[in-house]
Amino acid sequence: MEIVPTERELQALKVLWQEGEATIREICAAIKRGGDSLAYTTVLSLLQVMEQKGLVGHRASGKVYSYFARAEREPTVRALARGFLDRVFDGAVDEYLVHALESKRHSPEEIRKLEELIAQAKQARPTSRRKSGKEASS
């Protein structure tokens, strides 16, 4: 079973995915730069729980622990996106995309990437046509 991180756990994982390894102080500082402030002891407790869940591991260097992500970024992000899509939009990708596209201005590059993804999705899952008396012409 895939473990989906909480919002706080995701904050710490993002730091570890970017940095590779980080101490508790470094994680605290990175979270603070992101606009949130957590006490050292809060981050320590968070990482201990995350380690029990298998989301992170640590290396000891004297008294200093360096933490690293055990959870891989892509599968974790996919699981979070799937959970969000199911919880909020009952799995309706089209409804989600409409809201996402209307929520902010998108650059031509972002639109191009979305068009590429849609084209790839069409190729990966061709629609099957029902046979009815006559085949519909394309």
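Check the entry above for the structure.
Each value, and the rule that gives it
- Residues numbered from 1 in each chain as written.
- Predicted model: local features only at pLDDT ≥ 70, side-chain atom pairs only at ≥ 80, totals over all residues.
- Heavy atoms only, no water.
- Helix = DSSP H or I, 4+ residues; strand = E, 2+ residues; numbered from the N terminus.
- Pairing = 2+ DSSP bridges.
- Contact = heavy atoms within 4.5 Å.
- Axes fitted to C-alpha atoms, helices over the stretch in contact; angles between N-to-C directions.
- Buried < 20%, exposed > 50% of the residue type's maximum accessible area, 1.4 Å probe, protein only.
- Core = buried A, V, L, I, M, F, W, Y, C linked by side-chain atoms within 4.5 Å.
- Salt bridge = Lys/Arg side-chain N within 4 Å of Asp/Glu carboxyl O.
- Phe/Tyr/Trp six-rings, centres within 6.5 Å; stacked < 30°, edge-to-face > 60°.
- Lys NZ or Arg CZ within 6 Å of the ring centre and 35° of its normal.

S.K.: So what exactly am I meant to see when it comes to unusual backbone geometry here?
M.R.: For residues besides glycine, phi is generally negative; the peptide bonds are generally trans as well. Phi at Asp-90 takes a positive value of approximately 50°, unusual for a residue other than glycine. Within the secondary structure, Asp-90 is located in the loop between helix H4 (73-89) and helix H5 (93-103).

S.K.: Whenever I open this one, the sheet that holds strand S3 (residues 64-69) confuses me. Can you help?
M.R.: In a beta sheet, neighbouring strands pair by backbone hydrogen bonds and run either parallel or antiparallel. Spatial ordering of the open sheet is given by S1-S3-S2, a layout of three strands whose pairing is antiparallel. Only two strands of the sheet have a single neighbouring strand rather than two, namely strand S1 (21-22) and strand S2 (56-61). Across the sheet, helix H3 (residues 40-53) is in contact with S2 and S3; its angle to S2 comes to roughly 115°.

S.K.: What exactly am I supposed to notice about the environment of Arg-8 here?
M.R.: Inspection of the secondary structure puts Arg-8 in helix H1 (residues 7-19). In this structure Arg-8 comes out as partly exposed when scored by relative accessible area, which is 36%. Separated by 35 residues in sequence, Arg-8 and Val-43 have C-alpha atoms that sit 9.1 Å apart. Leave out the neighbours within four places in its chain, and Arg-8 touches Asp-36, Leu-38 and Leu-46.

S.K.: What am I meant to see in the nonpolar core here?
M.R.: With 19 residues, the main nonpolar core has Ile-27, Val-43, Leu-47, Met-50, Val-56 and Tyr-67 as its most contacted residues. Secondary-structure elements contributing two or more residues to this core are H1, helix H2 (24-33) and H3. When residues in this core are grouped by element, the largest group, five residues, is from H2. Leave out the neighbours within four places in its chain, and Val-56 touches Leu-13, Leu-16, Leu-47, Met-50, Glu-51, Tyr-67, Phe-68, Ala-69 and Arg-70.

S.K.: Would you explain the pattern of salt bridges in this entry?
M.R.: A side chain with one charge can pair with a side chain of the opposite charge if their charged atoms come near. On inspection of all chains with the given rule, the structure shows seven salt bridges. Arg-8 is paired through a salt bridge with Asp-36; the nearest N and O atoms lie 2.5 Å apart. With Arg-8 in helix H1 and Asp-36 in the loop between H2 and H3, this pair connects stretches of sequence that are 28 residues apart. Among the residues examined, Asp-36 registers a relative accessible area of 25% and is labelled partly exposed. A salt bridge links Glu-116 to Arg-112; the nearest nitrogen and oxygen atoms lie 2.0 Å apart.

S.K.: Would you take a moment to explain the packing of aromatic side chains for this structure?
M.R.: Here a ring pair, both rings aromatic, is described through the centre-centre distance and the interplanar angle of the planes. Counting across every chain of the model gives four aromatic pairs. Taking the centre distance of 6.3 Å and the plane angle of 55° together, the rings of Tyr-65 and Tyr-67 count as tilted. According to the relative accessible area criterion, Tyr-65 is partly exposed, its value standing at 37%. Taking the relative accessible area as the measure of exposure, Tyr-67 reaches 2% and is therefore buried. Note on Phe-89 and Tyr-96: the rings are 5.6 Å apart at their centroids and 70° apart in plane angle, and the pair reads as edge-to-face. Chaining the aromatic ring pairs together yields one cluster made of Phe-84, Phe-89 and Tyr-96. Directly above the ring of Phe-68 sits Arg-59, whose terminal nitrogen or CZ lies 4.3 Å from the centroid.

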